[in-house]
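Now for the letters of each chain:
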Amino acid sequence: MAADPVLMTAPAPRHQLFIGGAFTDAADGATLATVSPRDGTVTARVAAAGPADVDRAVQVARSAFERGSWARAAPRQRKLVLLRLAELMRENLGELALLETLDVGKPIGESRRVDVPTAAACFQWYGEAVDKVYGELAPAGPDALVQISREPLGVVAAVVPWNYPLIISAWKLAPALAMGNSVILKPAEQSPLSALALAELAAEAGLPDGVLSVLPGAGPVAGAALGRHPGIDKIAFTGSGETGRRFLGYSAESNGKQVALECGGKSAQIVLRDVGDLEAAATAVAWGIFYNAGQTCNAGSRLIADASIADELVAAVVQIAESIAVGDPLQEATQMGPLVDTAQLERVRGYLALADAEGAGFLTGGGPPPGADDAGCYLAPTVLAGVSGSSRVAREEIFGPVLTCFTVRGEAEAVELANDSPFGLAAGVWTADLSAAHRTAAALRAGTVWVNTFDAADVCTPFGGFKESGYGRDRSLHALAAYSGLKTTWVNIG
């Protein structure tokens, strides 16, 4: 692949750990390579944190918390820093977007238009919210003044995935910092570069030294050390269910720290016979799974369509899938880039091989797109039919551009199939019947249900799920409560 002029002028990315307001090498000198899924080239070698680095970051974070320059600062002061950080992110949009695209293969247009602006808006929203959080007075009677207030938890570790590095980091960092906590961010091994750039901008915005540390590193090393460290008060994790359960174990092994988990989904899009606008439904179904190459925790990976409209709907989805421009994420015309790395590509290929062995029909896709760079991690949008509801392909989170299609007869059967999943993160319903919309949405066991739309989002609404999708919520004012603890102060005035 020819050198891109954008890359020729890009600044060298930060590659060290960020602890105590400064960049530093790992204590043992360990590094990890960040490999771009665009073409398999090494973008940078980044310091890999080990237990000694985790211990140092925790000590620095605790010291910063106890000093109180951030934890006890007036909410209005914290607000100004977070607003300044949001402003700096917008000023550095081009660099942040490029780092995001190089790390994870996200189309550069999406990084510029969606990921960086959304993350910046999240910091702005929580900055604007924090000085509007009030305490309470309990009705304890005339002889007592009883105050109920919220205080920061202390030291929070945020462990985030690679699919939306900046956005999900912001979901956790912004409310945690707004409430006065010290935070240690561990980005995924595949996507450390934008997190390190964010740390530098946070320091420039005025965040006191030690309040934010960024520790790239391997999950079984740095992640496990964070999970087991007795000096951490809460782990906020987004990722696989397997790793999420490990963090619950780490908590039990150590200090019983709080753990909040978001562990993915297998979201259903239900399209009922009275869908109304079938074209709009087909577009939302296609982009609900193929956006970000299907690497979205709430991706609509299961299409459940009423038999009366299923053939027409699936044909329209296939047509859209085949029109999606898949290729180099640095090209503006690209709509879908590669999967994040070769391991993820092989994982998805494994599911496709299983579907093929089980006799599933490949309506489109299943292999690399035409003209794909052999060195990149590219896979064409894939639509499957004839998959058994009990198949692993139908029940496990594939995390790739793979849609499985099911046909049902009626609303009740559709809901039953949608709920027959270990996950409960999100779902969609398409119908022109208002009563059916309310009935179906109420019957679905999911943290978010969209009606006649899909993946609509705003920082003011909570995001999280039920069942194996985890517990706890990112976004909204509820996240401020999640990064704080209630304190009762009882004053005898009798």
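Refer to the structure printed above.
Residues numbered from 1 in each chain as written. Predicted model: local features only at pLDDT ≥ 70, side-chain atom pairs only at ≥ 80, totals over all residues. Heavy atoms only, no water.

J.: With reference to specific residues and values, describe the overall build of the protein chain.
T.: A tally of helices and strands in the protein chain yields 16 helices and 22 strands. The globule rule puts the C-alpha radius of gyration for 494 residues at 23 Å, and the 23 Å found for the protein chain is close to it. The contacts in the protein chain between residues at least 6 apart in sequence include a share of 74% that link residues at least 24 apart. Accessible surface, the protein chain: about 19,400 Å² in total, of which carbon and sulfur atoms supply 53%. Computing the positive centroid from 38 side-chain charges and the negative centroid from 53, the protein chain places the two 7 Å apart. (Helix = DSSP H or I, 4+ residues; strand = E, 2+ residues; numbered from the N terminus. Rg over C-alpha atoms; globule rule 2.2 N^0.38 Å. Contact = heavy atoms within 4.5 Å. Areas by Shrake-Rupley, 256 points an atom, 1.4 Å probe, with all protein chains shown as cover. Lys, Arg positive; Asp, Glu negative; His and termini not counted. Charge placed at Lys NZ, Arg CZ, Asp CG, Glu CD.)

J.: For the sheet that holds strand 22 (residues 484–492), give the residues involved together with the corresponding values.
T.: Read from one edge of the open sheet, 3 strands run 5-6-22, paired in antiparallel fashion. The strands lining the two open edges of the sheet, one partner per strand, are strand 5 (136–138) and strand 22. For this sheet the average axis-to-axis angle between neighbouring strands, irrespective of direction, equals 30°. Looking at chain direction, strand 5 and strand 6 (residues 144–152) are connected through 3 bridges and run antiparallel. Considered in strand 6, the bridge of Glu-136 is made with Ile-148. (Pairing = 2+ DSSP bridges. Axes fitted to C-alpha atoms, helices over the stretch in contact; angles between N-to-C directions.)

J.: Break down the pairing of strand 12 (residues 268–271) for me, citing the residues and quoting the values.
T.: Neither face of strand 12 is open: one carries Ala-268 and Ile-270, the other Gln-269 and Val-271, and all of them are buried. The parallel pair strand 12 and strand 13 (residues 302–306), bridged by helix 10 (residues 278–290), forms a crossover whose chirality is right-handed. Two strands pair when backbone bridges link them, and strand 12 and strand 18 (residues 426–430) are joined in this way by 4 bridges, in the parallel orientation. Bridge pairing in strand 18 places Gln-269 opposite Gly-428. (Buried < 20%, exposed > 50% of the residue type's maximum accessible area, 1.4 Å probe, protein only. Right-handed = clockwise from strand over helix to strand, strands pointing away.)

J.: Before we move on, could you go through the environment of Ala-380 and cite the residues and values that matter?
T.: Structurally, Ala-380 is set in the loop between strand 14 (361–364) and strand 15 (382–385). Linking Ala-380 and Gly-400, residues 20 residues apart in sequence, is a C-alpha distance of 9.9 Å. With sequence-adjacent residues up to four places away left out, Ala-380 is seen in contact with Met-336, Gly-365, Gly-366, Gly-367, Pro-368, Pro-369 and Pro-401.

J.: I'd like a rundown of the state of the cysteines, residues and numbers included.
T.: Applying the stated criterion across every chain, the model contains 0 disulfides. Cysteine Cys-122 shares no disulfide, and the gap to the nearest cysteine sulfur, in Cys-460, comes to 11 Å. According to the relative accessible area criterion, Cys-122 is buried, its value standing at 3%. (Disulfide = S-S within 2.5 Å.)

J.: Got a sec to walk through a nonpolar patch on the surface? Specific residues and values, please.
T.: Together, Leu-137, Leu-145, Val-491 and Ile-493 give the surface a local cluster of nonpolar side chains, amounting to about 350 Å² of exposed area. By relative accessible area, Leu-145 is classed as partly exposed at 35%. (Patch = residues over 30% accessible without salt bridge, like charges linked within 9 Å, V, L, I, M, F, W, Y side chains within 5 Å. Salt bridge = Lys/Arg side-chain N within 4 Å of Asp/Glu carboxyl O.)

J.: Talk me through the pattern of salt bridges; I want residue IDs and the actual numbers.
T.: One pass over the full model with this rule turns up 20 salt bridges. Residues Lys-79 and Asp-131 are paired through a salt bridge, measuring 3.3 Å at the closest nitrogen-oxygen approach. One end of the pair, Lys-79, is in helix 3 (residues 75–91); the other, Asp-131, is in the loop between helix 5 (108–129) and strand 5, and 52 residues separate them in sequence. The class for Asp-131 is partly exposed, based on a relative accessible area of 25%. Arg-113 is the partner of Glu-110 in a salt bridge, and the nearest nitrogen-oxygen pair spans 3.4 Å. Separated by 3 residues within a single helix, Glu-110 and Arg-113 lie in helix 5, roughly one turn from each other. Relative accessible area serves as the criterion here: at 17%, Glu-110 is assigned to the buried category. One continuous salt-bridge network, built from bridges that share partners, spans Arg-38, Asp-39 and Asp-328.

J.: I'd like to hear about the side chain of Thr-431, residue by residue, with values.
T.: For Thr-431, the position within the fold is in the loop between strand 18 and helix 15 (434–443). Exposure remark for Thr-431: the relative accessible area of 2% places this residue in the buried category. Discounting chain neighbours no more than four positions away, the residues touching Thr-431 are Leu-272, Asp-274, Val-275, Ala-436, Ala-437 and Asn-452.

J.: Talk me through the environment of Ala-195; I want residue IDs and the actual numbers.
T.: Relative to the helices and strands, Ala-195 resides in helix 7 (residues 193–205). Here the alpha-carbon distance between Ala-195 and Leu-166, two residues 29 residues apart in the chain, equals 6.9 Å. When neighbours within four sequence positions are excluded, Ala-195 is seen to be in contact with Leu-185, Pro-187 and Val-214.

J.: An account of the packing of aromatic side chains is requested, with residue identities and associated values reported.
T.: For the structure shown, the criterion picks out 7 aromatic pairs. Ring geometry for Phe-237 against Phe-247: centres 5.1 Å apart, planes inclined by 40°, an arrangement best described as tilted. Taken together, the positions of Phe-237 in strand 10 (residues 234–238) and Phe-247 in helix 9 (residues 241–253) put the pair 10 residues apart, joining distant regions of the chain. Like Phe-247, Phe-237 is buried. Joined through ring pairs, the aromatic side chains of Phe-237, Phe-247 and Tyr-250 make up one cluster. Of note, Arg-473 hangs over the ring of Phe-466, and the distance from its end group to the ring centre comes to 5.3 Å. (Phe/Tyr/Trp six-rings, centres within 6.5 Å; stacked < 30°, edge-to-face > 60°. Lys NZ or Arg CZ within 6 Å of the ring centre and 35° of its normal.)

J.: Give a description of helix 15 that names residues and reports values.
T.: By the burial criterion, the buried members of helix 15 are Ala-436, Ala-437 and Thr-440. For helix 15, the angular spread of buried residues about the axis comes to 100°, placing them on one side. Opposite its buried face, helix 15 presents the exposed residues Leu-434, His-438 and Ala-442, each directed more than 90 degrees away. Those residues of helix 15 that are buried are in contact with strand 12, helix 14 (411–419), strand 18 and strand 19 (448–451). Of the residues that open helix 15, the one with a side-chain oxygen 2.9 Å from the backbone nitrogen of Ser-435 is Asp-433. (Arc of directions from axis to C-beta. Polar contact = N/O pair within 3.5 Å; in protein donor to acceptor, adjacent residues only side chain to side chain.)

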